[in-house]
2 protein chains.
Amino acid sequence: MSRRSGILEFAVLGLLREAPMHGYELRKRLNTSLGIFRAFSYGTLYPCLKTLVANGWLIEEPGSAPEDALAASLAGRRAKIVYRLTAEGKEHFEELLSHTGPDTWEDEHFAARFAFFGQTEREVRVRVLEGRRSRLEERLEKMRASLVRTRERLDDYTLELQRHGMESVEREVRWLNELIESERAGRDQRQPAPESSAQQDNTSGETGGLPRHRGAESSGGTPPGSSTPPDPSDDTAK
Amino acid sequence: MSRRSGILEFAVLGLLREAPMHGYELRKRLNTSLGIFRAFSYGTLYPCLKTLVANGWLIEEPGSAPEDALAASLAGRRAKIVYRLTAEGKEHFEELLSHTGPDTWEDEHFAARFAFFGQTEREVRVRVLEGRRSRLEERLEKMRASLVRTRERLDDYTLELQRHGMESVEREVRWLNELIESERAGRDQRQPAPESSAQQDNTSGETGGLPRHRGAESSGGTPPGSSTPPDPSDDTAK
DNA sequence: CTGACCATGTAATACGTTACATGATTGC
DNA sequence: GCAATCATGTAACGTATTACATGGTCAG
């Protein structure tokens, strides 16, 4: 079945597990917080929500904006629809969370999985990370092979492109190595926990600690501003 | 009009400019040599070829495998169709090569352009590289902004994902900086050349030299082999 | 003579976006 | 009262993939 839409369903379920929301906000969160998978449009999102409701995983309830107490006091003002995860939805999501099939380590799929690692058991996390890594290593293998076969016949630029591509993949492998290592370091016991306590409260770092990184060394030069107009990831559509 | 199919047309024209080929081989080259844009299927390629023929940019000619003299001696053996670029096709491709619009620095589009930099004038190359860079910088800007807005409310994994994403983009910016610099270093004269001599013979390095890189530091560990079946980039489809 | 690979095509289909239609709310 | 933004939805469309249909060639 659906490849990309499966990702959407998964992400929607995951976001709603944290808090009920209406479609509009859902879409924003999908495009910024989880900025990885590029914009889904309403034309995709709303039908998807309907499907999920039809499956009994979500229920629609009328609601005023939940984040604003004053607005809430103005009583059921509009036809806003707030989606809330049902018990079955939660169950289903948890089931999805525990799957570790080969599709799981495909680019966008992997990003989606990773984004909800905070709600995933360590055992599963490691399996997904390892799967992703071996996927990338296969890719590297192919790249190397085709490079050997074709080099010399290729001009400098094609070569450089290939080189850069491979380097990127190698980097990601190293990143995964760090993550896996730090997952294992967290606590390497046999069984992950007394069982059944799948959801610890996920406020923050109960992970065992991700590898240290100091982010955002802004590379100076060339201010943006150049007209690069209608990015679908903009909320400010036309 | 078409976004991705525009890339296909461009790449096909570019490959055929180097040598006539039939569809099957074209597809392989598209997926390996230019391994960047992920597999196009025959269902996309053949119709595309037809369009190009209809536009007068290509002509179909019956031909035996041109790389094998023995096979060629067996006379027109089969209904293989070899596609050859026409004069108009060449002209059209050269026109495409000189375009530097904003779409040009979008991910896959950019990769396609870069892959044919060997046949592109330096002036254009620099413009494309700079465009790409400013595109990425805009993206970084957005990522930073949304990170500032949402940090603290995000768990460690989401944060790490975002961090890693930004780092990748920053890397590519640095890569582009190197390339741009080395383009400029090549020779920084006013006009690129006596005019009209747009196509030097592109056997190899007349570029001025790309930045030095020592490729493929194979990161050890974790052999592949894990079942990752039906990759569309495989030729060995079912 | 069978299976693997070369080679070309098309029809059905799935997927997601664009554009459109609609209307409430808020700030100026 | 007008523009911007919030908010929900749908129908038409383009685009690419899948699966199918077909047949030649070559190795074992």
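Residues numbered from 1 in each chain as written. Chains lettered and ligands numbered in written order. Predicted model: local features only at pLDDT ≥ 70, side-chain atom pairs only at ≥ 80, totals over all residues. Heavy atoms only, no water.

## Thoughts on the overall build of chain A
Our working rule: Put simply, DSSP H or I for four residues or longer makes a helix, DSSP E for two residues or longer makes a strand, and each gets a number counted from the N terminus. When a residue's accessible area, from a 1.4 Å probe over protein chains only, is under 20% of the maximum for its type it is buried; when over 50% it is exposed; and in between it is partly exposed. Every residue pair with non-hydrogen atoms within 4.5 Å of one another is taken to be in contact.
Each helix and strand in chain A was counted, giving eight helices and three strands. Its helices and strands taken in sequence order, chain A reads α-β-α-α-β-α-β-α-α-α-α from the N to the C terminus. When burial is assessed residue by residue, chain A has 41% of its 238 residues classed as buried. Once local pairs closer than 6 in sequence are excluded, the contacts in chain A between residues at least 24 apart make up 67%.

## Regarding the packing of helix H1 (residues 4-18) of chain B against helix H6 (residues 107-115) of chain B
All names here are of chain B. Let me state the cut-off plainly: Think of each axis as a best-fit line through the C-alpha atoms, taken over the contacting stretch in the case of a helix, with angles from 0 to 180 degrees between the N-to-C directions. In these notes the angle categories are as follows: under 35 degrees is roughly parallel, over 145 is roughly antiparallel, 65 to 115 is roughly perpendicular, and the rest is oblique. Polar here means any residue other than Ala, Val, Leu, Ile, Met, Phe, Trp, Tyr, Cys and Pro, which are nonpolar, and Asp, Glu, Lys and Arg, which are charged; Gly is therefore polar.
In the contact formed by H1 and H6, the axes pass within 10 Å of each other and the chain directions differ by 5 degrees. As summarised for this structure, H1 and H6 are arranged roughly parallel, according to the angle between their axes. Here H1 contributes Arg4, Ile7 and Phe10 to the contact with H6, which in turn contributes Glu108, His109, Ala112 and Arg113. Looking at the contact of H1 with H6 residue by residue, the classes come out as three nonpolar, one polar and three charged.

## Thoughts on the UniProt feature "coiled-coil region" (unreviewed entry) in chain A
Under the convention used in this document: UniProt positions are given in the numbering used here, feature names are shortened, and annotations may be inferred rather than shown by experiment.
As recorded in UniProt, the sites labelled "coiled-coil region" (unreviewed entry) are residues 126-160 of chain A. With 86% helix and 0% strand, residues 126-160 of chain A has end C-alpha atoms that lie 33 Å from one another.

## Focus: the sheet that holds strand S3 (residues 81-85) of chain B
Residues and elements named next belong to chain B. Rules: One requirement defines pairing of two strands: DSSP has to find at least two bridges between them.
Within the open sheet, the three strands sit side by side as S1-S3-S2. Their pairing is antiparallel. Two strands lie at the open edges of the sheet, namely strand S1 (21-22) and strand S2 (58-62), each paired on one side alone. Bridge analysis of S1 against S3 gives two bridges, and the strand direction is antiparallel. Bridging from a neighbouring strand, His22 pairs with Val82 of S3. Strands in contact with H1 are S1, S2 and S3; relative to S3, the strand with the most contacts, it is inclined by about 90 degrees.

## Observations regarding the sheet that holds strand S2 (residues 58-62) of chain A
Residues and elements named next belong to chain A. If you walk across this open sheet you meet the three strands as S1-S3-S2, and the pairing is antiparallel. The open sheet is flanked by strand S1 (21-22) and S2, the only strands paired with a single partner. Each of S2 and strand S3 (81-85) touches helix H3 (residues 42-54); the most contacted strand, S2, lies at about 110 degrees to it.

## Topic: the side chain of B:Glu160
The cut-off we apply is this: Distance and chemistry together define a polar contact, namely a pair of N or O atoms within 3.5 Å, with one atom able to donate a hydrogen and the other to accept it when in protein, and with adjacent residues in sequence counting only for side-chain atoms on both sides.
Within the secondary structure, B:Glu160 sits in helix H8 (residues 156-186). Here A:Trp175 takes part through its side chain, which lies 2.8 Å from a polar atom of the side chain of B:Glu160. In terms of polar contacts, B:Glu160 uses its side chain to reach the side chain of B:Arg163, at 2.6 Å. Setting aside chain neighbours within four positions, we find B:Glu160 in contact with A:Phe114, A:Trp175, A:Leu179, A:Leu210 and A:His213.

## Some points on the packing of aromatic side chains
Test applied: Pairs were defined over the aromatic rings of Phe, Tyr and Trp, the Trp ring being its six-membered one, requiring ring centres within 6.5 Å. Orientation was assigned from the angle between planes: stacked under 30 degrees, edge-to-face over 60, tilted for the rest. Here, over-ring charges are defined by two tests on the NZ atom of lysine or the CZ atom of arginine: distance to the ring centre within 6 Å, and angle to the ring normal within 35 degrees.
Taken as a whole and judged by the stated rule, the model has 20 aromatic pairs over all chains. Measuring from centroid to centroid gives 5.4 Å for B:Phe114 and B:Trp175, while their planes differ by 35 degrees, and the two rings are tilted. Residue B:Phe114 is found in helix H6, and its partner B:Trp175 is found in helix H8; the two are separated by 61 residues along the sequence. Per residue, the accessibility class of B:Phe114 equals that of B:Trp175, and both read buried. An aromatic cluster is defined as three or more aromatic residues linked by ring pairs; in this entry it consists of A:Phe110, A:Phe114, A:Phe117, A:Trp175 and B:Tyr157. The ring of A:Tyr42 has A:Arg27 lying over it, and the distance from NZ or CZ to the ring centre is 4.7 Å.

## Structural notes on the pattern of salt bridges
Side-chain pairs of opposite charge can arise whenever the charged atoms involved come near each other. So the rule is basically this: Here a salt bridge means any side-chain nitrogen of Lys or Arg lying within 4 Å of a carboxyl oxygen belonging to Asp or Glu.
Taken as a whole and judged by the stated rule, the model has 31 salt bridges over all chains. Across the pair B:Arg4 and B:Glu108 runs a salt bridge, and its minimum N-O distance is 2.9 Å. Taken together, the positions of B:Arg4 in helix H1 and B:Glu108 in helix H6 put the pair 104 residues apart, joining distant regions of the chain. Look at B:Arg4 and you get partly exposed, because its relative accessible area is 26%. In this structure, B:Arg132 and B:Asp107 form a salt bridge, with 3.1 Å as the shortest nitrogen-oxygen distance. Here the residue B:Arg132 occupies a position in helix H7 (residues 122-150), and B:Asp107 occupies one in helix H6, the gap between them amounting to 25 residues. Assessed through its relative accessible area of 39%, B:Asp107 is described here as partly exposed. A single network of salt bridges, built from pairs that share partners, joins A:Glu106, A:Asp107, A:Arg132, A:Arg135, A:Arg139 and A:Glu172.

## Considering H6(B)
In terms of burial, H6(B) is largely enclosed, as seven of its nine residues are buried. The set of residues buried in H6(B) consists of B:His109, B:Phe110, B:Ala111, B:Ala112, B:Arg113, B:Phe114 and B:Ala115.

## Considering the environment of A:Leu210
Considering the arrangement of structural elements, one finds A:Leu210 in the segment after helix H8 (156-186). Excluding residues that lie within four positions of it along the chain, A:Leu210 makes contacts with A:Leu179, A:Ser182, B:Asp156, B:Tyr157 and B:Glu160.

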